[in-house]
Amino acid sequence: VQLQAFGGGLVQTGGSLRLSCEASGRTFSTYPMGWFRQAPGTEREFVAAATGSGSRTIYTDSVKGRFTISRDNAKNAVYLQMNSLKPEDTAVYYCAVRGRNTGVSLRSKIGYDYWGQGTQVTVSS
């Protein structure tokens, strides 16, 4: 299984970016997919997640109303549209997917079985 994340870059405050993550090697249409981020010197933190069908999405409070997670199960892909970006959004963004159903919160890193390599997002002030 491989997850390939791309779409990061350098953007000014208030700008937008769209991250994409494509999975290969297995179909994940029935399992949650999510995005996490990690800034230098900090732990990896939850950003957003979507259930298998994409009908339910959750976000960390700091990105609500600015970020939108979506998925295309036909492409085995998940996306993160990021608008109104702020300097504090600067981080390496990782996509993640679960390979099984568990009772672990979608917000928890430990519930995800596969991770992408990360894509850098830098927001300049």
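Preceding this section is the structure that the text describes.
Everything in this summary refers to the structure shown in the same document. (Residues numbered from 1 in each chain as written. Predicted model: local features only at pLDDT ≥ 70, side-chain atom pairs only at ≥ 80, totals over all residues. Heavy atoms only, no water.)

Looking only at helices and strands, one finds zero helices and 11 strands in the protein. Each helix and strand of the protein, placed in order from N terminus to C terminus, yields the pattern β-β-β-β-β-β-β-β-β-β-β. For 125 residues, the compact-globule estimate of 2.2 N^0.38 gives 14 Å, and the protein sits close to it at 13 Å. With the C-alpha coordinates of the protein rotated into their principal frame, the extents come out at 40 × 25 × 25 Å. When each of the 125 residues of the protein is scored for burial, the buried share is 46%. Of the roughly 6,100 Å² of accessible surface on the protein, 47% is carried by carbon and sulfur atoms. (Helix = DSSP H or I, 4+ residues; strand = E, 2+ residues; numbered from the N terminus. Rg over C-alpha atoms; globule rule 2.2 N^0.38 Å. Buried < 20%, exposed > 50% of the residue type's maximum accessible area, 1.4 Å probe, protein only. Areas by Shrake-Rupley, 256 points an atom, 1.4 Å probe, with all protein chains shown as cover.)

What follows deals with the state of the cysteines. Tallied over the entire structure, the rule returns one disulfide. In this model, cysteine 21 is linked to cysteine 95 through a disulfide, with the two sulfur atoms separated by 2.1 Å. Its S-S torsion of approximately 55 degrees makes the covalent link between cysteine 21 and cysteine 95 right-handed. Taken as a pair, cysteine 21 in strand β3 (residues 17-24) and cysteine 95 in strand β9 (residues 91-97) lie far apart in primary sequence, 74 residues in all. Here cysteine 21 matches cysteine 95 in class, with each residue buried. (Disulfide = S-S within 2.5 Å.)

Another aspect to go through is the sheet that holds β3. Read from one edge to the other, the open sheet built from four strands follows the order β1-β3-β8-β7, with strand pairing classed as antiparallel. A single partner strand is all that each edge strand has here, and the edge strands are β1 (2-6) and β7 (67-72). Within this sheet the neighbouring strands show an average axis-to-axis angle of 15 degrees, counted without direction. Relative to strand β8 (residues 77-82), β7 is paired through six bridges, and the arrangement is antiparallel. Bridge pairing links aspartate 72 to alanine 77 in β8. (Pairing = 2+ DSSP bridges. Axes fitted to C-alpha atoms, helices over the stretch in contact; angles between N-to-C directions.)

This part covers the side chain of arginine 66. When you line up the elements, arginine 66 lands in the loop between β6 (57-59) and β7. Within the local environment of arginine 66, its side chain forms a polar contact with the backbone oxygen of serine 84, the two atoms lying 2.9 Å apart. Leaving out residues up to four positions away in the same chain, arginine 66 has contacts with Gln81, Met82, Asn83, Ser84, Leu85, Lys86 and Asp89. (Polar contact = N/O pair within 3.5 Å; in protein donor to acceptor, adjacent residues only side chain to side chain. Contact = heavy atoms within 4.5 Å.)

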